[in-house]
Amino acid sequence: MALHPSRARPIEVSVGAPWSRKHDLPGTGIEGARVVYPTSLENLIEICAQHAAGTHLKAAGSHWALSDAAISDDLFIETHDPNDVFPAMGRTLYEVVPGCLNEIFVAQMANQRPPVFGGDLDTSNDAYYLVHVETGKRVYQLYAELDHGDDDRRDSLAIHLDEQHGNSGYRGPWAFRTLGGAAGQTVFGALTTGTHGGDFQLPPIADDVAALHLVADGGRHYWIEPRIQPGSADTQLTDEARLRATYGIDIYGGPDNFDVIRDDDLFNAVLISAGRFGVVYSIVLRAVRQYALHEQRRLTTWEEIRGLVGDPTSTLYSKFDGDPNRFLLIALCLTPHDNFSKHLAGLTRRWNSAPAPNEDHPNGRAERVGVVVDAFDERIGGPRFQFAGNSRVYNPDPHVRNAAAPVSLLESACAEPDIIVGVIEAIIRELRELLEEHTVLVLGAIAAVAAFGAAGALLALVAPLLVILALLVALLELLRGPDGRGHRLGEVMGELAEQLLNRSLPGERAAGLFVWQLIAYELFSQAQKDLDYTAISYAVMDNHDYHDESCNVNVDSIEVFFDATDPMLIAFVDALLAYETRQETQGKTFVGYASLRFTAETRAKLGPERWPLTCAVEIAGLKDVDGVTELIDYAIALSRDPNFAGILHWGQRNPSNAADIAFRFAADGDLAAWRAQLSRITDGGRLDGFSSAFTRQTGLEVA
Amino acid sequence: MPEAFFGPWSIRVLDSHFPQRQRFEIRGSDGADGFYDGTPGSTLAVSGQRWTLAMSRREGGEWLPSALRRSAAAFTNADGFVVTVGAADSPPGTPGLDYDDMIVVLDSEDPALDPRRWSNPYDFTLPQRILRFD
C-alpha cells in the first residue's frame, strides 16, 4: 500500500539494545531487539503496512506487564518509551471528541446534569464525560489531565457543550470510574490485560471504553464501537461521515483503507486480546465526575473472614456500620501466627465521601498530581504535571486532619530497607524481655505468634533463642552501618530468611522459625495498621510509589481470578497458606504481597472477570528470596488444575496453554466468538503479523 | 446438574437427611462408572481425566435427580484438599435450599495438588503465667 507523503514525525528505530520489562532483574532482557517508536496514526499504519513479510509485531507500552504477552517475535512497537528517550504516542485528541460525535448523542449529553465535585454524593447520577486519547498515555497522566479538566481547551467537549448547548455542567474535574492499584501502565496496556480495581460492583477499566481505533496487520485501520453506548437508548456514539472525513484520507491510506464498525462482538473481542488484533492507536474513554474516597483499613485474620468471602450479602461487603461500601481488598500475611493457627489479614474498604477539606483543595491533589510544570511536553504528548508519576503513595497525617504526612519509614520501606531495622529492633526488645525477664507483653508480637497453654514448649528453646538473638543484634549492626546501605529489600529479607530458617541444629531451626514469624507478624501489622482518611479518587486508588527502586525490580507475580462465590477460591487461598507453613519449616519463605480484590463482570470476551462477583488473588514476591518462585509456581499449578480452574491475568506471569484457555473461556462459546472476530480482521488468519509465541501458546489464534 | 472433577479422588458419604433411599452416580471415570449407595459411610475411589458426580433420590417409586452444590472446599496440611458437595430434593436454583439431603466429601488423591498428611513438628506455646498486661 502506498501512503501519501506524511507530515508525521519520522519513525524512530532502535536495534540491539536489550528489551526488558519493568520488573525484570536489571541488566537482563531480550538481546538485539528491534524496536520502533511511532508517534502517530500515520506511523502505525506505515509500520503495519510495510513490515517485512514473515516478521511478527507486538505493541508495548510502559513495560509493566510481567507476561510474555508483551513479547514480540521480531519487532516491538513502543507506544510509550519506558526510558523516556523517544516521544510517546500519548496525546489527548479532539478530532473525534467532540468533532465526530453524533449530534443526537451530543444533544442527549447536553440534556444531562452531571454531578458537581464536592456536591451531594448521589452515586445514581451516571452522567459521564468522554475523552479520546492515544494509547501510549500513561494512567497517571490521564488521571491528572482528567482532574485538570477541559475548561481551557477551546476545542474540547466541555466547552462545546457549554457554548453550543448552554450546558456548563461538563466543565471541571473528571476521573476514572475505577483504577487498579497502580497507574504507571499505559491506559490501554492496563485495560487490555484486564486490569481492575477492587470496586466489587464495577467491572474493570476496559468496560469504560466507548470506542477504539485499531490498526491491523497490513495497515488497514478500523474505528470500532459497540452498537450503542450505556444510557444512550439507541443512539450511536459517532457520525460515520465525519469519521470517514477525518480518517479515510490519503495520509492514512485513503477511504478504502478505513472501516467504521459498530458491532458488540468485535468490540468485546478487541478490548482484551493480548495485542493479537493489532495495535490500538486510540481509545475513547468514559470518565465520571471527579470524586473523593474515604479509605478505612482494619487488621483481622483470614480465619475470621474466610467464611464471609463467598457471601456478597455478608458484612464483609458493607461498611462497619452496615452502610454500602464500594471497595474490598483483603491483604494476607502468608506466614502464620498463634501457634500456626491464624494468618493476619488487612481489610480495606472504600466509599464515596465529601472531599476534605473542600473541593478546591482536596487531599491528595497537590501531593499526587501537583501543578502543570510544562503546558506541552513533547516526550509525553501532553501537559507535564509536577507529581503525576513522580511521587510517593499519598499518606495522610494521623495527627493533622486533612494533611499529608511527611514521608515515613513505612513509605520508604522499598526505597531503602529501613523498616526492617525498626522491626528487628522491636523484636530484639521483646526477645530480651522473654529471655531475661521471663515475661511477654500481651499486645506484643511474641504474644501473638505463640499460643498460651500448658505445654509452654517454647521455654525449652531458651538457648537457641539466645543464639538467634545474637544473630539479630549482629545483623542490626550491619544494616545500620555503611555496608547496610544500597541493598534491595529483597536481598535483605533473603539474607534474614536464610539465617533464620536454614539452621542446622534442630533447636536453632525452631527458634529461627519462631523469630521469622515474629518479624513477619510485626512487618505486616505495621503495613496494615488501622487507617482512616479521605482524599481525591486517584490519591486513594493509586498506591504505587514512583520513587521505589527496590521492591519493583526482580519481582515475580501472578493474579488468579475466581468466582468469588465458589468455595474453590477459599480452598485456593487455604492451599497457599498451607504451602507457606510447610516451606518455612523447610528453610524457604515467601516475601511479598498476597491479596484478594473483588470486581464485577466484564463485557470483554477474554476478560478474566467472568462472574458477577469476581475475586482476583494477587501474589507478588521478591525473587531474591528463596521460596518466592516456589510458592508462585505452586499457585500457578493449582490455578491451572481444572479442579480449581483459576484464570491467570494476561499481564502477569501466565504460562497457560491453549487447553487451559479453551477450558476457561469456553472453546465453543466466548473463545469461539473471539476467534471468529480475529478471523474477520485477519482475513481468516492470513494476516498473522500480530501472532506471537504467547498467542500461539495460549491458542489466541484463528484456529 | 452433575459436578465435574478431575484426577484421582476418594469419595465418602458423610451424612444424609432424607427419608427415602439415595444414591450417587459416577460417569466418565477410569473404571468406576455406576450407581452407588448413598448411605453415610459409603466410600469409593475414583480417577479419570474428567468425571462427574450426580446424586438422586427415590421418590414415588422413581429415581429423581437432586440439585447439587459445592458447599465448601478447604485445604489444610493435616487433611489435604477436601471438597464437600450437598444434594437437595428440588430443582437447582430454588431459593432456600439447604443442600443437606446427602452430603458427600471428596478428598483429592493427586500428589501434585496435595502433598498431604504433613504434620507440623513445632509447638510454639508459652505458659500463661508469663503474660504481662502493662
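Now for a quick tour of the structure. (Residues numbered from 1 in each chain as written. Chains lettered and ligands numbered in written order. Predicted model: local features only at pLDDT ≥ 70, side-chain atom pairs only at ≥ 80, totals over all residues. Heavy atoms only, no water.)

### What about unusual backbone geometry?
Residue and element names in this part refer to chain A.
Reasoning step 1: Residue P98 follows V97 across a cis peptide bond; omega there is 15°.
Reasoning step 2: Here P98 is to be found in the loop between β5 (92-93) and α2 (103-110).
Reasoning step 3: Positive phi, normally seen in glycine, also occurs at H438, with a value near 60°.
Reasoning step 4: Topologically, H438 is positioned in the loop between α10 (418-437) and β17 (440-441).
Reasoning step 5: Of note in this structure, A645 is not a glycine but carries a positive phi near 50°.
Reasoning step 6: Accessibility expressed as a relative area gives 21% for A645, which makes it partly exposed. (Helix = DSSP H or I, 4+ residues; strand = E, 2+ residues; numbered from the N terminus. Buried < 20%, exposed > 50% of the residue type's maximum accessible area, 1.4 Å probe, protein only.)

### With respect to the interface of chain B and chain A
Reasoning step 1: Opposite the 32 residues of chain B that make contact, chain A presents 44 residues.
Reasoning step 2: Around 3400 Å² of area is buried between chain B and chain A when both sides are counted, 66% of it from carbon and sulfur atoms.
Reasoning step 3: Our count for the contact surface shared by chain B and chain A stands at one salt bridge.
Reasoning step 4: Across the pair B:R132 and A:E433 runs a salt bridge whose closest N-O atoms are separated by 2.8 Å.
Reasoning step 5: Taken together, chain B and chain A are joined by 15 residue pairs in polar contact (both at pLDDT 80 or more).
Reasoning step 6: Of all the elements in the fold, those that place two or more residues in the side of chain B that touches chain A are β8 (67-76), β9 (80-88), β11 (125-126) and β12 (131-132) of chain B.
Reasoning step 7: Counting residues per element, the side of chain B that touches chain A draws most heavily on β8(B), which supplies seven residues.
Reasoning step 8: A per-class count over the side of chain B that touches chain A returns 20 nonpolar, six polar and six charged.
Reasoning step 9: Examined bridge by bridge, strand β18 (residues 451-452) of chain A and β11(B) share two bridges and lie parallel to one another. Of the residues in β11(B), the one forming a bridge with A:A451 is B:T125. (Contact = heavy atoms within 4.5 Å. Buried area = accessible area lost by both parts, 1.4 Å probe. Salt bridge = Lys/Arg side-chain N within 4 Å of Asp/Glu carboxyl O. Polar contact = N/O pair within 3.5 Å; in protein donor to acceptor, adjacent residues only side chain to side chain. Nonpolar A, V, L, I, M, F, W, Y, C, P; charged D, E, K, R; others polar. Pairing = 2+ DSSP bridges.)

### Some points on the side chain of A:H294
Residues and elements named next belong to chain A.
Reasoning step 1: In this fold, H294 is placed in strand β12 (residues 292-301).
Reasoning step 2: Among the residues examined, H294 registers a relative accessible area of 16% and is labelled buried.
Reasoning step 3: At 3.0 Å, the side chain of H294 and the side chain of D532 are in polar contact.

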